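Each chain, letter by letter, is given below.
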Amino acid sequence: MQRLLEFVGIDPQRFQARWISGSEAAKFAETITNLTEQIKPLGPNRKLRDDV
Amino acid sequence: MSDPVRKQLEAHPLVPVVGEIIKIVEETPDVKTFHVTTEHGKPFTPMPGQLAMLSLLPVGEAMFSITTQGEDHLEFSIKKTGMLTDALHEAEVGQKVGIRGPYGNGFPVDFCKGKNMLFIGGGIGLAPVRSMIYHCINNRDEYGKMQIIYGARSPQDLVFKEDLFENWPKVSDCEVNVTVDRGDDRWDGHVGFVPQFIEELGPKPENTVAIICGPPIMIKFTLPIMEKLGFTDEQIITTLEMRMKCGIGKCGRCNIGSCYVCLDGPVFSLAQLKNMPNEY
Amino acid sequence: MMDLTQKMRDKARELLEKEEVKYVIGWEKGTFWYQSPPVFISRPEDVDKLVWDQFCINNLSKYLLDFKHLEGKIALFVKGCDSRGINRLLQDQQVQRDAFIVIGVPCPGMKDPEKAKGLSEDKADQLQLAEKCATCTTPNPVIYDELLGDEVAAAQVDDVERFARVNELEQKDPDEKYDFWKRQYDKCIRCFACRNVCPACNCRECVFDQAEPEWLGKRVVSSENQFFALTRAMHVAGRCIECGECERVCPMGIPIMSLNRKIIKDINNLFGSYDAGMNLEDQPPLGKYDVNDPEEFM
Amino acid sequence: MKILNKQKLKDLLNSLAADATVYAPVKQDGVIRFQAWNGDQEIDLTDNALLPPKDLLFPQTEVMYKYTANGMRAEITEVAATAEKQVIFGMRPCDVKSLSMMDDVFLTKGYEDDYYKSKRENTVIISLGCNEPAPTCFCSSMGVDMTEAEGADVMMFDLGDKLALEAKTEIGENLLASASGLEDGSADKPAGGQCQLKVEPDGLAEKLAKMFEHPYWEELCRKCLGCGACTYLCPTCHCFDIRRKNIGEKGFQFRCWDSCMFSEYTRMAGGHNPRPSKKERVRNRFLHKLQYFPERYGKVACVGCGRCLAKCPVNMDITRIIKELGEVAINE
């Protein structure tokens, strides 16, 4: 999926897939924190959006 | 029709007027009757049998028959069958709704004048017929004998119980016959399917118009019995349901042959239906 | 090819006369000389409608789904690519193998009917192969009950050629890629021809048809069109048999196969070389688990 | 009559674009479509556009009104505004003729569709006569005159390196009077081309009225894929769906093209579908064009543009179907 999104011009950093079990709260929080940090500098996404 | 509503619907026939649910009556576990009005009062004065588009703006829009009307409101009896009707059943008094209409041809009131009226309904199918029953009650001297034959799956599935057991039997020269497919401990009325019930009651075809509405399976078995009793195709009138989106004969999906149910229906005589392709 | 046409007719006549099958699905001549659309023959006297020429481009395997509930068998002719569609449907457990008879026809590659428009018939030989046939590696049917004619030699198509369009697009920078695909899918009118022709699109109810919940909005706008494109590509990932029908039938000329081939290329890189629909034994890489699978998402 | 040297086409379009949006056939990514003129596109007048310009009057997706809704509250905040002026440049006579059918649907039988009407009234049509019909064209059988498009404001002819323009209405005259790049002149009107495909639709509607249960439909439907390409490319197909999109409290109601070829088109909330299979849907499409529309509006809903048969993945050919329908025996 990540590769396909990259292929259609979406920054692969904007999409991540992680396998997190329901019991892995810490891993979930860590993943989200990291992802947010990585995404912030990229700015708002303008792709795959409509003009309206 | 109230003037502001008429003007708006003329200018933008596909844009609803915003109205409000002012009363909700629980008829059965899955049927509720909604009383709807607008700030201009009753949005329009439909003929019995006509339809209206009712919407919950964020959920969707669908065509419903107008069950009856009061001085200042319209009534819709709606069974839970999909996303919109589920949402409507969640709604409470005060809920804003969209409404546009009225659509279609109603029951042929002039054709029926002076005749005996036989109403046959099954399940939620009594909802559209009820508008005509009330029309006859309100203009009682213009119509002959009234007979209402109604059936539902079980006693708790009977709609309009107050009408069936209290109001309508009191109307002069009006016979009400109710049956259920399966009774329960408290049910002391008739048990059996509508078609057989009709056969037992044996209504007379002379100078009579029969208005039938119910599930397809009921209609299928009722028609041969009507024929046996001597009713002609012209004497049998029914009202159809089709998927509708626009209500004004443009969007294309409710056609049966070259008829559009929303404009040319939903009321058809059996004679008309037999001339149309069997695709409904 | 004339010879094979006769063999097809004979075979069809035999099957229908012996009442072994109710229908034979093949190709017939269409409106123009460069069209050979599908035909369904149910009477022995109609078998002369069948033809085998350079324009039998339609993949007939998908039609098996229309006959799922037929009492009695059907027979159909398959080219190499079509036969991979049969394996697709069998592997997806959409059809029963004993419900139909497969008659294989080796295929030298079909000509491009779009390029033939407006040409006179005597120019037929100068026509190029259809794009979907130019990089074909399986001209001979891989599953059949009977094979008519002699096998043809498979062209040597290497990955450079097969993924040429993918490689070219991969070189672009992200904004160029996005502009390219946005422009392509802004053309999409959402007629669903690509889905309806695809043997890998065999769900009983397609997500794109579901109104509740409405996964795909019905507005024909950039976001919904691209969502449709990417979702469909992922749904056939690892199952696309590269018959190229989606791209051929697209009235708007969207290069759909570039999306599918991109996924195929990645799957080959990640899970080892795999060609969908080549046989019934190999499981699709995305349909099985192996301890050695790459784990970049863990 | 006015003459335009094709080299000055841009001048003409620029001047037309001064007070209206001009739509002209542009080839982009392999497809000729009507696009808004931005001053710098390659106009392609060779073949007819792949998509008819019906979407300029009846867009594939069109916002109808906006609303806000939250819990019990709901309010319609905005109804789509009236259309702005537009000029359609290079519309073929077949497509111009299709507008008479669209007008029948959207403007007659008791209700006027305000969205369509507003666009229709604000549209000026410059029609391009056809000298060289495509192999798939059969408009001459459907009552189209390739040199005279009834309903066009200006009729235009391709003279090779020049175009001849002739005003047909007052609006057309005013338009040409103020446009640049034109010279006064005269030219012989080129004769229209010849269609290779011919059909004979007369009397078919009456026959079809007796053919609803005919086994022909069972045979015909088999190869159909059930995609909507034919309906979406058809200049006379007009079916639409009404849906909505919610974003938080706000939302809008829109309509979008729909196709009678899709299975969910007639499926009702309870699950009942009066046209459950390919057979009923294919039959409805052809009966609608050839019988129901004539019964309702007095004309066949086909202009012979040939788009459906050019693009159908399985060569469902309406000309062949008309011929076969004319020939099959019916038991009365």
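For the structure, check the block above.
Below, the structure is looked at part by part. (Residues numbered from 1 in each chain as written. Chains lettered and ligands numbered in written order. Predicted model: local features only at pLDDT ≥ 70, side-chain atom pairs only at ≥ 80, totals over all residues. Heavy atoms only, no water.)

## Focus: the packing of aromatic side chains
Phase 1 of the analysis: Here the structure, examined in full by the defined rule, presents 27 aromatic pairs over all chains.
Phase 2 of the analysis: Between C:Phe208 and C:Phe228, the ring centres sit 4.9 Å apart and the planes meet at 75°, which makes this aromatic pair edge-to-face. On the criterion of sequence distance, the pair formed by C:Phe208 in the loop between α8 (193-197) and α9 (222-235) and C:Phe228 in helix α9 is long-range, its members being 20 residues apart. As far as burial versus exposure is concerned, C:Phe208 and C:Phe228 are alike and both buried.
Phase 3 of the analysis: Summarising the aromatic geometry, the rings of D:Phe58 and D:Trp257 are spaced 6.3 Å apart at their centres and angled 35° between planes, so their arrangement reads as tilted. One end of the pair, D:Phe58, is in the loop between β3 (31-36) and β4 (61-70); the other, D:Trp257, is in strand β12 (residues 250-257), and 199 residues separate them in sequence.
Phase 4 of the analysis: Classification of D:Trp257 as buried rests on a relative accessible area of 4%.
Phase 5 of the analysis: An aromatic cluster is defined as three or more aromatic residues linked by ring pairs; in this entry it consists of C:Phe192, C:Phe208, C:Phe228, D:Phe58, D:Phe106, D:Tyr116, D:Tyr232, D:Phe240, D:Trp257 and D:Phe262.
Phase 6 of the analysis: One residue, B:Lys115, lies across the ring of B:Phe111, its end atom 4.1 Å from the ring centre. (Phe/Tyr/Trp six-rings, centres within 6.5 Å; stacked < 30°, edge-to-face > 60°. Helix = DSSP H or I, 4+ residues; strand = E, 2+ residues; numbered from the N terminus. Buried < 20%, exposed > 50% of the residue type's maximum accessible area, 1.4 Å probe, protein only. Lys NZ or Arg CZ within 6 Å of the ring centre and 35° of its normal.)

## Considerations on the interface of chain B and chain D
Phase 1 of the analysis: The interface of chain B with chain D comprises 43 residues on the first partner and 52 residues on the second.
Phase 2 of the analysis: Where chain B abuts chain D, roughly 3,800 Å² becomes buried across the two surfaces, and 55% of that area is made up of carbon and sulfur atoms.
Phase 3 of the analysis: Its largest share of buried area at the contact with chain D, chain B owes to B:Leu57, B:Lys250 and B:Glu279, together 20% of the area lost on that side.
Phase 4 of the analysis: Taken together, the connections running from chain B to chain D amount to 4 salt bridges.
Phase 5 of the analysis: D:Asp241 is paired through a salt bridge with B:Lys245; the nearest N and O atoms lie 3.1 Å apart.
Phase 6 of the analysis: The interface formed by chain B and chain D contains 23 residue pairs in polar contact (both at pLDDT 80 or more).
Phase 7 of the analysis: Elements supplying a minimum of two residues to the side of chain B that touches chain D: β4 (60-65), β7 (96-103), β15 (259-260) and α8 (261-264) of chain B.
Phase 8 of the analysis: Looking at which element gives the most residues to the side of chain B that touches chain D, the answer is β7(B), with 4 residues.
Phase 9 of the analysis: For the side of chain B that touches chain D, the residue count by class is 21 nonpolar, 11 polar and 11 charged. (Contact = heavy atoms within 4.5 Å. Buried area = accessible area lost by both parts, 1.4 Å probe. Salt bridge = Lys/Arg side-chain N within 4 Å of Asp/Glu carboxyl O. Polar contact = N/O pair within 3.5 Å; in protein donor to acceptor, adjacent residues only side chain to side chain. Nonpolar A, V, L, I, M, F, W, Y, C, P; charged D, E, K, R; others polar.)

## Looking at the arrangement of the chains
Phase 1 of the analysis: Of all 4 pairs of chains that touch, the greatest number of contacts is found between chains B and D.
Phase 2 of the analysis: Chain A makes no contact with chain B; the smallest distance between any of their C-alpha atoms is 18 Å.
Phase 3 of the analysis: Regarding chain A and chain D, the two do not touch, and the least distance separating their C-alpha atoms is 11 Å.

## Some remarks on the nonpolar core
Phase 1 of the analysis: Residues C:Trp52, C:Leu76, C:Phe77, C:Ile86, C:Phe100, C:Leu259 and D:Leu325 are the most contacted members of the largest nonpolar core, which totals 202 residues.
Phase 2 of the analysis: With 35 residues, the next largest nonpolar core counts B:Phe107, B:Phe119, B:Ile148 and B:Phe160 among its residues. (Core = buried A, V, L, I, M, F, W, Y, C linked by side-chain atoms within 4.5 Å.)

## So, the environment of B:Val159
Residues and elements named next belong to chain B.
Phase 1 of the analysis: Within the fold, Val159 resides in the loop between β9 (146-152) and α5 (161-170).
Phase 2 of the analysis: Under the relative-accessibility criterion, Val159 is labelled buried at 1%.
Phase 3 of the analysis: Sequence-wise, Val159 and Ile225 are 66 residues apart; in three dimensions their C-alpha atoms are separated by 24 Å.

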